[in-house]
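Structural overview
Residue strings, one per chain:
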Amino acid sequence: MRRSLGPALALLALPAAALGEERFPPPEFSTGYQMPAPTTPPPRAGTLAVLDVVLLAVALSLAAYLVLKRRSRNGVFALMLFSLAYFGFYRNGCVCPIGAIQNVVVAATDRSYALPAVVAAFFALPLLFALFFGRVFCAAVCPMGAVQDVVLARPARIPPWLEHALGLLPYLYLGAAVLFAATGSAFVICNYDPFVSFFRMSGTVKLLSLGAAFLLLSMFVGRPYCRFVCPYGVLLRWVAPWARWPVTITPDTCTQCRLCEESCPFGAIRVPTPEPDPALRHEGRGRLAVLLLLLPVLVAAGGWLGAHGSGRLARAHARVQLADRVWIEEQGKVRGTTDASEAFRKHGHPTEELYREAAELRFRFRDAGRLFGAWVGLVFGLKLILLSIRRRRDNYEADRAACLACARCYRSCPQEHARLGLVIDETEVPDAVDQR
Amino acid sequence: MADNSERMSRREFLAGKVRLAGALAVCGGVALLRPRGAIAGTVWQIDPNKCTQCGKCATECVLGPSAVKCVHVHAMCGHCELCFGFFEAQPNALTTAAENQRCPTGAIKRRFIEDPYFEYVIDEPLCIGCGKCVEGCGTFGNGSLQLQVRHDRCENCNQCAIADACPSDAFVRVPATRPYLLKSAEGEQ
Ligand code: SF4
Ligand code: SF4
Ligand code: SF4
Ligand code: SF4
């Protein structure tokens, strides 16, 4: 036994210059021993990915049919359960349109990245459907929406000012996601996806508790992620108002009975506007003019702040972090190494190369930070402007941008009851309407 | 009422134009980015030349145990009796007793072939992807043990959690049609 240890240890003493080279030549066997070949199990087949896209398209069509034609909450609910099971628990919530935003951004900014066709389809299909049917993706296809929807027990009313304020978050999140994807730093949407660890039934404690917190919140606040976080929801908000066949609360004409007013757990129902007072109208015009002038100021200020804060943003990039670390190590300002700096030294790349790369990245971050800041300014400015514009509304309507097409409000409308032949006397509408 | 319906039809006219523009923008934008490559796109893989066996592969994967496992390229292996991937740095004895082994889960199976050669096979369900054996083999041996993302397990997360944490930048997206990056006796496979 010990005999063979000697030469082996002697070999150790040799300078290990040739890392990974064959220090011990593979033997010739005399007994006819056959070496096993390393197995390479293939990834999930491409045809199955195509199946995902087909199922997505079918689910979207079915959702549109159930929401707009059948007007059936039960149907929507059933489809939602299917989507939760398939796209959520079976496919583990990956890839989804929300995360696909980042792939699209990377494809647009990094020529070496080829956008997979499946990801492109997941990004585009829900938007195309929203252009015609509203947010039917959110209604019954998105697994993230579904998981929040099924646990919704007692939706609390959120005061409008809070709804408006929190409603800005998705815009900022979208901006941040684009910023970090475009600079090649991180996929933040995926990193902070609260439900994906739940779909996989595994994950870090941090993510699992984030998911648990969101689920708990979803019991009392209708779909908090959808309304106050989801960056894809922003894109859907942009296209849904132009839908050819949007959600209409009543199947007939609105009789202004007010019965639907409280039926939306997501605060998406808008009440008729009163005839504006001419004096107020004048004042409103003045305010609008001020806000319009303020908009470029906000954008410029945001851009300036963004460019100045970009140094800090750049530290989100692993290479910049590494360069900083290596630099202070070289300067002798810290002792010891981190995993990353140790790995860097093991490879023996020149530090100058790393510094140059980091400098280029900082440069990119300056531009990206300026754009991000300008975006934040724009979002705030436009929000103020939109708040001061009153749109005339004669009836109770679902806000096309905010409506998640869940079909809950239908049942609160007496006209719907008449359509379904549920009531004989229209004045006697059961007030315990089905909230599901 | 007439005013109202006129307003509605004007709105619908405008909406039609916006819809067309929107549909063109979405389709055109995506087409401009030229979705291509394999149907299933890309998967994550470890470049064994960059990996420094930091141990994060065992702890950062969204799956527990990790989808990263040690893969043994037998053709590169010296089949040594004293395997630096299998044994602790200073083994008490060259036996398979647990205290002599590097692998914390005993996932490497050692079998005698012929004097003085041994075969080392990874028992994949036991492997947690910690890379301890890979480090030993790479530092003192032939580097035939390598960490790889195993695609029968990997969820192919849009953003691999280990890739985010990897200090060596060793995770890369590779075409799903060539999903492994094993070093082999003849060079990269
Ligand atoms: S808002 Fe976002 S998370 Fe919610 S259902 Fe729609 S796409 Fe899904
Ligand atoms: S369908 Fe009705 S209840 Fe559902 S989100 Fe839209 S407005 Fe609200
Ligand atoms: S995280 Fe990176 S360096 Fe660490 S073991 Fe995995 S591939 Fe190797
Ligand atoms: S892609 Fe996901 S499952 Fe696969 S190795 Fe990375 S973290 Fe693990």
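Residues numbered from 1 in each chain as written. Chains lettered and ligands numbered in written order. Predicted model: local features only at pLDDT ≥ 70, side-chain atom pairs only at ≥ 80, totals over all residues. Heavy atoms only, no water.

**Section: the overall build of chain A**
- A tally of helices and strands in chain A yields 19 helices and 2 strands.
- Projected onto its principal axes, the C-alpha positions of chain A cover 100 × 60 × 35 Å.
- Looking at the 436 residues of chain A, the share that counts as buried comes to 47%.
- Considering only intrachain contacts with a sequence separation of at least 6, the fraction spanning at least 24 residues in chain A is 79%. (Helix = DSSP H or I, 4+ residues; strand = E, 2+ residues; numbered from the N terminus. Buried < 20%, exposed > 50% of the residue type's maximum accessible area, 1.4 Å probe, protein only. Contact = heavy atoms within 4.5 Å.)

**Here's the deal with the overall build of chain B**
- Summing up its helical and strand segments, chain B has 4 helices and 8 strands in all.
- Radius of gyration (C-alpha) of chain B: 26 Å, far over the 16 Å computed for a compact globule of 189 residues.
- Taking all 189 residues of chain B together, the buried fraction comes to 52%.
- Relative to all contacts within chain B whose residues are 6 or more apart in sequence, the contacts with residues 24 or more apart total 69%. (Rg over C-alpha atoms; globule rule 2.2 N^0.38 Å.)

**What about helix α16 (residues 318-330) of chain A?**
Residue and element names in this part refer to chain A.
- Taking 1.5 Å of rise per residue, the 13 residues of α16 would be expected to cover 18 Å, and the 18 Å separating its terminal C-alpha atoms lies within 8% of that figure.
- Every buried residue of α16 is listed here: Val 320, Leu 322, Ala 323, Arg 325, Val 326 and Glu 329.
- Lining the buried residues of α16 we find α15 (278-314), α17 (339-347) and α18 (351-388).
- Gly 332, located one to two residues past α16, shows a positive phi value of around 75 degrees. (Expected span 1.5 Å × (residues − 1).)

**Section: the domain arrangement of chain B**
- Here chain B is partitioned into domain 1 (8-37) and domain 2 (42-175).
- Relative placement of domain 1 of chain B and domain 2 of chain B: their C-alpha centres are 50 Å apart. (Domains from an automatic or database assignment.)

**A closer look at the site of ligand 2**
- Taken together, Cys 264, Phe 266, Ile 269, Ala 398, Cys 403, Leu 404, Ala 405, Cys 406, Ala 407, Arg 408 and Cys 409 of chain A form the complete shell of residues around ligand 2.
- Looking at the shell around ligand 2 residue by residue, the class counts come to 10 nonpolar, no polar and 1 charged. (Near = heavy atom within 4 Å. Nonpolar A, V, L, I, M, F, W, Y, C, P; charged D, E, K, R; others polar.)

**Overview of the packing of aromatic side chains**
- As enumerated under the stated definition, the model contains 23 aromatic pairs over all chains in all.
- Geometrically, the ring pair formed by Phe 86 of chain B and Phe 87 of chain B is edge-to-face, given 4.8 Å between the ring centres and 85 degrees between the ring planes.
- For Phe 87 of chain B, a relative accessible area of 1% translates into the label buried.
- Between the aromatic rings of Phe 112 of chain B and Phe 118 of chain B, the centroid separation amounts to 5.4 Å while the plane-to-plane angle is 70 degrees, which identifies the pairing as edge-to-face.
- Judged by relative accessible area, which is 45%, Phe 112 of chain B ranks as partly exposed.
- Sitting over the ring of Trp 245 of chain A, Arg 244 of chain A keeps its end group 5.2 Å from the ring centre. (Phe/Tyr/Trp six-rings, centres within 6.5 Å; stacked < 30°, edge-to-face > 60°. Lys NZ or Arg CZ within 6 Å of the ring centre and 35° of its normal.)

**Side note on the nonpolar core**
- In this structure, Ile 98, Phe 123, Tyr 225 and Tyr 232 of chain A are the most contacted members of the largest nonpolar core, which totals 104 residues.
- Here this core takes 12 residues from helix α5 (residues 117-133) of chain A, the largest share from any one element.
- Contact partners of Ile 98 of chain A, with chain neighbours within four places excluded, come to Cys 142, Met 144, Ile 189, Tyr 225, Cys 230, Pro 231 and Tyr 232 of chain A.
- One finds Trp 44, Leu 82, Ile 108 and Cys 133 of chain B within the second-largest nonpolar core, a separate group that totals 38 residues. (Core = buried A, V, L, I, M, F, W, Y, C linked by side-chain atoms within 4.5 Å.)

**Here we look at the domain arrangement of chain A**
Residue and element names in this part refer to chain A.
- Entries for chain A in the domain assignment read domain 1 (6-19 + 45-246) and domain 2 (278-388).
- Listed by partner, the interface residues are 14 residues for domain 1 and 15 residues for domain 2.
- For the pair domain 1 and domain 2, the two sides together bury roughly 1,300 Å², of which 78% comes from carbon and sulfur.
- Viewed at the interface, domain 2 and domain 1 are joined by 0 salt bridges.
- Run the count over domain 1 and domain 2 and you get 4 residue pairs in polar contact (both at pLDDT 80 or more).
- The biggest single contributor to the side of domain 1 that touches domain 2 is helix α9 (residues 169-182), with 8 residues.
- Residues that form the side of domain 1 that touches domain 2 fall into these classes: 9 nonpolar, 5 polar and no charged. (Buried area = accessible area lost by both parts, 1.4 Å probe. Salt bridge = Lys/Arg side-chain N within 4 Å of Asp/Glu carboxyl O. Polar contact = N/O pair within 3.5 Å; in protein donor to acceptor, adjacent residues only side chain to side chain.)

**Observations regarding the interface of chain A and chain B**
- Each partner contributes residues to the interface: chain A has 77 residues there, and chain B has 76 residues.
- On the chain A side of the interface with chain B, the three residues burying the most area are Phe 24, Pro 43 and Trp 242 of chain A, jointly 10% of the side's total.
- At the junction of chain A with chain B, the criterion picks out 2 salt bridges.
- The residue Asp 169 of chain B makes a salt bridge to Arg 319 of chain A at a minimum N-O spacing of 4.0 Å.
- Of all the elements in the fold, those that place two or more residues in the side of chain A that touches chain B are α1 (2-13), α2 (46-69), α4 (97-109), α5, α10 (188-191) and α17 of chain A.
- Take the side of chain A that touches chain B: its biggest share by element is 9 residues, from α5 of chain A.

**Notes on the pairing of strand β3 (residues 108-114) of chain B**
All names here are of chain B.
- As judged from the 6 bridges shared by β3 and strand β4 (residues 117-122), these two strands associate in the antiparallel manner. The partner of Arg 111 across the bridge, within β4, is Glu 119.
- Counting the residues in the hairpin turn of β3 and β4 gives 2 residues. (Pairing = 2+ DSSP bridges.)

**Regarding unusual backbone geometry**
- Geometrically, the link from Cys 94 of chain A to Val 95 of chain A is a cis peptide bond, its omega value of 0 degrees lying close to zero.
- Tracing the backbone shows Val 95 of chain A in the loop between α3 (73-90) and α4.
- Cis geometry is found at the peptide bond from Gly 64 of chain B to Pro 65 of chain B, where omega equals -5 degrees.
- Here Arg 223 of chain A, not a glycine, exhibits a phi torsion of approximately 45 degrees, which is positive.
- Residue position: Arg 223 of chain A is located in the loop between α12 (205-220) and α13 (224-228).
- Not every positive phi belongs to a glycine, and Asn 156 of chain B is a case in point at roughly 50 degrees.

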